[in-house]
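Working through the structure, step by step
Each chain is listed here by its residues.
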Amino acid sequence: MRIAPLVGVLALQGDVREHRAMLERAGARTLAVRRPEELDDLDGIVMPGGESTTISKLARVFGLFDPLSVRLRDGLPAFGTCAGMIMLADRIEGGVRGQETFGGLDVVVRRNAFGRQVDSFEADLDVHLDGSRDRPFHAMFIRAPWVEKVGAEVAVVATVATGSAVGRIVAVRQGTLLATSFHPEITGDDRFHSLFVDLVRTPGRHQR
Ligand code: GLN
């Protein structure tokens, strides 16, 4: 039997435990990543939410920023949620001056897009996990970004189904990079984590 893939969870901020639990349910082995050498054996990495400005500063402080950027450029599959989505975006709107991201995803992501007054909310999403329409996903958003523009290679995976933000893009995939504006680790529905573990298992089928 093939050994389960090893998925790291960037452990600088955010719901590290919840992400690990969901990834393990989806069949992966997991590792909390804080040191550069912990990147070596990974088959994929999850970047939890938090505050993207803080995450990029901490990644510098922990010596992770450059080695992780190199691994991502070399094709390490990655799944960013909320601030993690911002960290994977090539371009951001509403960032602080000089805010750094790892990049890789050909999108423009707007930080705090739903407005600062709406700190957190829940919404149903229309989802297309592997191209065809899936059942709705109930999502939790916390000071969330949205995706404002997508490049030619980027697939829209989920949009807001109802309310004032209807149609806004909140999940995307480009090859083996996956990103969600919301927090899929806290609502019990593990379809996004399962999709990611599948991308990690068979990256060749989902080339960037
Ligand atoms: N607003 C945060 C940022 O810009 C993201 C919020 C989150 O990850 N829950 O980084």
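Whatever comes next refers back to the structure up there.
First things first, this report covers the structure right here in the doc. This structure is a prediction, so every number in the text was calculated from the model and none was measured.

**Brief notes about the pattern of salt bridges**
Applying the stated rule across the entire model yields 12 salt bridges. One salt bridge in this structure joins glutamate 100 and arginine 60, with 2.8 Å as the shortest N-O distance. Of this pair, glutamate 100 sits in the loop between strand S5 (89–93) and strand S6 (105–110) while arginine 60 sits in helix H2 (residues 52–61), placing them 40 residues apart in sequence. On the basis of relative accessible area, glutamate 100 is assigned to the partly exposed category, the value being 32%. Note that aspartate 134 and arginine 191 form a salt bridge whose closest N and O atoms lie 2.7 Å from each other. Linking aspartate 134 in the loop between strand S7 (120–127) and strand S8 (137–142) with arginine 191 in helix H5 (residues 191–201), this pair joins segments that are 57 residues apart in sequence. Classification of aspartate 134 by relative accessible area gives partly exposed; the value is 26%. Each of Arg35, Glu37 and Glu38 takes part in a single network of salt bridges with overlapping partners.

**Here we look at helix H1 (residues 16–25)**
Since there are 3.6 residues in each turn of an α-helix, residues three or four apart along the chain are aligned in direction. Every buried residue of H1 is accounted for by Val16, His19, Met22 and Leu23. The buried side chains of H1 occupy one side of the element, clustering within an arc of 135 degrees when seen end-on. Exposed side of H1, more than 90 degrees from the buried face: Arg17 and Arg25 are the residues found there. Check the buried side of H1 and you find it contacts strand S1 (6–10), strand S2 (29–33), strand S3 (44–47), strand S4 (78–81) and H5. One or two positions beyond H1, positive phi appears at glycine 27, with a value near 100 degrees.

**Structural notes on the site of the ligand**
In the region of the ligand, the neighbouring residues are Gly49, Gly50, Glu51, Ser52, Cys82, Ala83, Ile86, Arg111, Asn112, Ile142, Arg143 and His183. In the model, an oxygen atom of the ligand is placed 2.9 Å from a nitrogen or oxygen of the alanine 83 main chain. Here an oxygen atom of the ligand sits 2.7 Å away from a polar atom, N or O, in the side chain of arginine 111. In isolation the ligand offers 300 Å² of accessible surface; the protein chains occlude 98% of this area. Considering only residue class, the shell around the ligand consists of four nonpolar, five polar and three charged.

**A few points about unusual backbone geometry**
For cysteine 82, which is not a glycine, the phi torsion comes out positive at approximately 55 degrees. The residue cysteine 82 is located in the loop between S4 and helix H4 (83–88) in this model. Residues other than glycine seldom take positive phi values, yet arginine 143 does so here, at roughly 40 degrees. Its location among the elements puts arginine 143 in the loop between S8 and strand S9 (146–150).

**So, the nonpolar core**
Within soluble globular proteins, side chains that are nonpolar tend to cluster in buried spots. In this structure, Leu23, Leu125, Phe141, Val170, Phe182, Phe192 and Phe196 are the most contacted members of the largest nonpolar core, which totals 36 residues. Mapped by element, the contributors of at least two residues to this core are S1, H1, S7, S8, strand S10 (155–160), strand S11 (169–174) and H5. Considering each element in turn, this core owes the most residues, six residues, to H5. Every residue in contact with phenylalanine 182, bar those within four places of it in the chain, is listed here: Thr81, Cys82, Leu125, Phe137, Ala139, Met140, Phe141, Val170, Ala171 and Phe192. One finds Leu6, Ile55, Val154 and Leu177 within the second-largest nonpolar core, a separate group that totals 32 residues.

**Observations concerning the pairing of S1**
Of all five residues making up S1, five are buried, and the element is well covered by its neighbours. Across five bridges, the pairing between S1 and S2 is parallel. Residue pairing across strands places valine 7 opposite threonine 30, the latter belonging to S2. As a crossover connection, the stretch from S1 through H1 into S2 is right-handed. Examined bridge by bridge, S1 and S3 share three bridges and lie parallel to one another. Bridge pairing links valine 9 to valine 46 in S3.

Rules and cut-offs
Residues numbered from 1 in each chain as written. Predicted model: local features only at pLDDT ≥ 70, side-chain atom pairs only at ≥ 80, totals over all residues. Heavy atoms only, no water. Salt bridge = Lys/Arg side-chain N within 4 Å of Asp/Glu carboxyl O. Helix = DSSP H or I, 4+ residues; strand = E, 2+ residues; numbered from the N terminus. Buried < 20%, exposed > 50% of the residue type's maximum accessible area, 1.4 Å probe, protein only. Arc of directions from axis to C-beta. Contact = heavy atoms within 4.5 Å. Near = heavy atom within 4 Å. Polar contact = N/O pair within 3.5 Å; in protein donor to acceptor, adjacent residues only side chain to side chain. Areas by Shrake-Rupley, 256 points an atom, 1.4 Å probe, with all protein chains shown as cover. Nonpolar A, V, L, I, M, F, W, Y, C, P; charged D, E, K, R; others polar. Core = buried A, V, L, I, M, F, W, Y, C linked by side-chain atoms within 4.5 Å. Pairing = 2+ DSSP bridges. Right-handed = clockwise from strand over helix to strand, strands pointing away.

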